[in-house]
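Chain by chain, the residues:
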Protein chains: 2
Amino acid sequence: MMRIVLPLKVVTRLLALIVLIAFSASAEAQSDLLPSWNDTGPKQAIVAFVGKVTKEGSPDFVPVDERIATFDNDGTLWAEQPVYFQLLFALDRIKALAPQHPEWQTKEPFASLLKGDVKTALAGGEPAIAQIVMATHAGMTTDEFDQIVRDWIASAKHPVTKRLYTEMVYQPMLELLAYLRTNGFKTFIVSGGGIDFMRPWAEQVYGIPPEQVVGSSVKTEFQMRDGTPVLLRLPEINFIDDKAGKVIGIQQHIGRRPIAAFGNSDGDLQMLQWTTAGTGARFALIVRHTDAEREWAYDRTSSVGRLDKALDEAQAKGWTIVDMKNDWKTIFPFGGK
Amino acid sequence: MMRIVLPLKVVTRLLALIVLIAFSASAEAQSDLLPSWNDTGPKQAIVAFVGKVTKEGSPDFVPVDERIATFDNDGTLWAEQPVYFQLLFALDRIKALAPQHPEWQTKEPFASLLKGDVKTALAGGEPAIAQIVMATHAGMTTDEFDQIVRDWIASAKHPVTKRLYTEMVYQPMLELLAYLRTNGFKTFIVSGGGIDFMRPWAEQVYGIPPEQVVGSSVKTEFQMRDGTPVLLRLPEINFIDDKAGKVIGIQQHIGRRPIAAFGNSDGDLQMLQWTTAGTGARFALIVRHTDAEREWAYDRTSSVGRLDKALDEAQAKGWTIVDMKNDWKTIFPFGGK
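On a predicted model such as this, the values are computed, not experimentally measured, just so you know. (Residues numbered from 1 in each chain as written. Chains lettered and ligands numbered in written order. Predicted model: local features only at pLDDT ≥ 70, side-chain atom pairs only at ≥ 80, totals over all residues. Heavy atoms only, no water.)

Visitor: Go over the packing of aromatic side chains with me, naming the residues and quoting the values.
Guide: All names here are of chain A. Applying the stated criterion to the full structure yields 38 aromatic pairs over all chains. Taken together through their ring pairs, the aromatic side chains of W78, F85, F89, F145, W152, Y165, F197, W201 and Y206 make up a single cluster. Positioned above the aromatic ring of W296 is the side chain of K337, whose terminal nitrogen or guanidinium carbon lies 4.8 Å from the ring centre. (Phe/Tyr/Trp six-rings, centres within 6.5 Å; stacked < 30°, edge-to-face > 60°. Lys NZ or Arg CZ within 6 Å of the ring centre and 35° of its normal.)

Visitor: Describe helix α7 (residues 125-137) of chain A, listing the residues and the values that go with them.
Guide: All names here are of chain A. Compared with the 18 Å implied by 1.5 Å per residue over 13 residues, the 18 Å span of α7 between its first and last C-alpha is a close match. Listing the buried residues of α7 in full gives A128, I132, M134, T136 and H137. Looking at the packing, one finds that the buried side of α7 touches α4 (85-97), α5 (110-114), α6 (118-122), α8 (142-155), β3 (213-225) and β4 (228-239). At the exit of α7 stands G139, carrying a positive phi of roughly 95°. (Helix = DSSP H or I, 4+ residues; strand = E, 2+ residues; numbered from the N terminus. Expected span 1.5 Å × (residues − 1). Buried < 20%, exposed > 50% of the residue type's maximum accessible area, 1.4 Å probe, protein only. Contact = heavy atoms within 4.5 Å.)

Visitor: Residues and numbers for the environment of V169 of chain A, please.
Guide: All names here are of chain A. By the secondary structure assignment, V169 is in the loop between α8 and α9 (171-182). For the pair formed by V169 and K43, sequence separation is 126 residues and the distance between their alpha carbons is 18 Å. Beyond its immediate chain neighbours, meaning those up to four positions away, V169 contacts L77, W78, L174, V205, Y206, I331, F332 and P333.

Visitor: Just give me the short version of the pattern of salt bridges, but keep the residues and values in it.
Guide: A pair can form between side chains of opposite charge whenever their charged atoms are brought close. Inspection of every chain in the model, using the stated rule, returns 32 salt bridges over all chains. Note that K246 of chain A is salt-bridged to D72 of chain A, the shortest N-O span being 2.9 Å. Of this pair, K246 of chain A sits in helix α11 (residues 244-253) while D72 of chain A sits in the loop between β1 (68-71) and α4, and the two are 174 residues apart along the sequence. Across the pair R199 of chain A and D196 of chain A runs a salt bridge, and its minimum N-O distance is 3.2 Å. Taken as a pair, R199 of chain A and D196 of chain A lie in helix α10 (residues 195-206) at a separation of three residues, close to a single helical turn. Connected via shared salt-bridge partners are K186 and R256 of chain A together with E203 and E211 of chain B. (Salt bridge = Lys/Arg side-chain N within 4 Å of Asp/Glu carboxyl O.)

Visitor: Before we move on, can you summarise the sheet that holds strand β5 (residues 260-263) of chain A with the specific residues and values?
Guide: All names here are of chain A. Taken together, the seven strands give an open sheet; going across it, the order is β4-β3-β2-β1-β5-β6-β7, and neighbouring strands pair in mixed fashion. Across the chains shown, the open sheet's two edge strands, defined by having one partner strand only, are β4 and β7 (320-323). This sheet shows a mean twist of 30° between the axes of neighbouring strands, independent of strand direction. Bridge count for β5 against strand β6 (residues 283-288) is four bridges, and the pairing is parallel. Its bridge partner being in β6, A260 is matched across the sheet by F283. Helix-sheet contacts for helix α12 (residues 269-276) involve β1, β2 (186-194), β5 and β6, and the interaxial angle to β5 is about 165°. (Pairing = 2+ DSSP bridges. Axes fitted to C-alpha atoms, helices over the stretch in contact; angles between N-to-C directions.)

Visitor: Go over the sheet that holds strand β6 (residues 283-288) of chain B with me, naming the residues and quoting the values.
Guide: Residues and elements named next belong to chain B. Spatial ordering of the open sheet is given by β4-β3-β2-β1-β5-β6-β7, a layout of seven strands whose pairing is mixed. Edge positions in the open sheet fall to β4 (228-239) and β7 (320-323), since each of these has one partner strand only. Put simply, the sheet's adjacent strands are angled 30° from each other on average, direction ignored. Where strand β1 (residues 68-71) meets strand β5 (residues 260-263), three bridges bridge the pair, whose relative direction is parallel. Its bridge partner being in β5, F71 is matched across the sheet by F262.

Visitor: Account for unusual backbone geometry, with residues named and values stated.
Guide: For the bond from Q81 of chain B to P82 of chain B, the omega torsion is 5°, close enough to zero to count as cis. For P82 of chain B, the location among the structural elements is in the loop between β1 and α4 (85-97). The omega torsion across E108 of chain B and P109 of chain B is 0°, close enough to zero to call that bond cis. By secondary structure assignment, the location of P109 of chain B is in the loop between α4 and α5 (110-114). For K162 of chain A, which is not glycine, the phi dihedral falls at a positive 60°. If you trace the backbone, K162 of chain A turns up in the loop between α8 and α9. By relative accessible area, which is 58% here, K162 of chain A ends up exposed.

In structure tokens:
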């Protein structure tokens, strides 16, 4: 068995050598890893940034450990129209749970929802949405909620494209995630969406493991049930990971400042400000929804994914702005809607 | 530049091959990676566990992604006597900040502390400790606090050994961390200590990056100062990562259940219960402080690191118990106190 001890040392050296070879691959050659991006400004900016931070001896070189990249989810990694997909999950759950809640037949916002009148149901604003979210996201253990999400995401279909929601992801962003990881980046999701709503599928779909997902959460309570510990999800907000909350979430979960951040709406503005305020090379990118044909076109006045202040600041500060229509060859893995 | 594209593919294959070789190294041979452990029960149990969960085809095999191991810090990775080191940090900070706080000369618990009478100061119990913690851990930005901790940890000395606190770490546990990582485990700290108190040095000392540190925290507030974003630390508790809080912290930060957990006190009991309640092979270990000569000896009645209920449960459930005196050849990298 002693033969193993030497190989382990050899392995370490070989590994170091190989990592060196891999990382000395030029950014130009690696741009082949972004086939769904047109050879326009954004792709060039990404490749230039990655090239300089990964080049040993460059004044902009960043050690592998500090190559932290954070991505918004809704509207940045997957679509968010006609409404955030997590809300569609909640609506589906209301229907599924209705038989256990006869009182919902006459109680708003549930009564309208069950009649198919989403507009009236949501007219109650944030309190109505909070009621819907709590009725569907709390009252079960974390393991039970995990299974509920897995079952839904495996079968539910998008109302417009009739595709699985996990197909409604942006092919260029999947390539970008992989390209960054190939270059030693650690990729995180930092989303206003529910942390435990994203974790069950983020690893398979994005290659992002649960411990690299940051999101909004409800409070949980530790309980012993017949000698077995469970975490019960309570109908009480723990944390909202949006706007300034994204910076707080980044500090809480990651504990160091990203060198690159990717978003699409005003909810991402503070994350991009925080990222670019660090010393050394920094990268900020906004995905702008400009393709009404293959995806959706919306910005300053949209109630979902509004991009107004962050667009002004991106333009003023020279952040990279992706024009989906012009900069992306493909939108979804299956093409466009 | 095209020459790089092929090498990258080759690199991927070589990497896979090498990982395969590395991971097929027998657990027995790898036990050489634990030289500070005597060849007694705990070492044998660790090696047997790691051997079975890493063996392809074994009924206990666990994929690399799910090899999550969580470690308590105080009393498990580094010492905690005569009192938690973070409290000693706070006391040092009180002295350093006293000139800016003339009111502390007459205000408890500060007045007693400044006279060197720690016992009277702490007689105020938890409210007194909370005052000390908030006066020293809040009111500055996250970047400023990071620097304060770095400066302190680089120079402050332990009152008994006169060693740097980062030398007061357990050599066998450093080896264990590295051994687990060699076997594809991702290692996390899950401590009642302050998350931002541990992060500035955990990577260098333990090889655990900031994003794999879970701990207690204060609330923070995002502010713009002259156009630059900062996170201000507020004098308000955000989260206490102790007892049942450790399970909540694990779910919040890691999002999946560890397969192995390591602690030393009743504060770790729920983490060990949670870990061992999962399906498949599980491992729970308690470090028992039994060496009054080389370290300290304390358990059921200690105010610091009390080990009472968790010891009963460890014995009842057959968890691995390290008897420091008998199971560890070396305690600290410099030997014993």
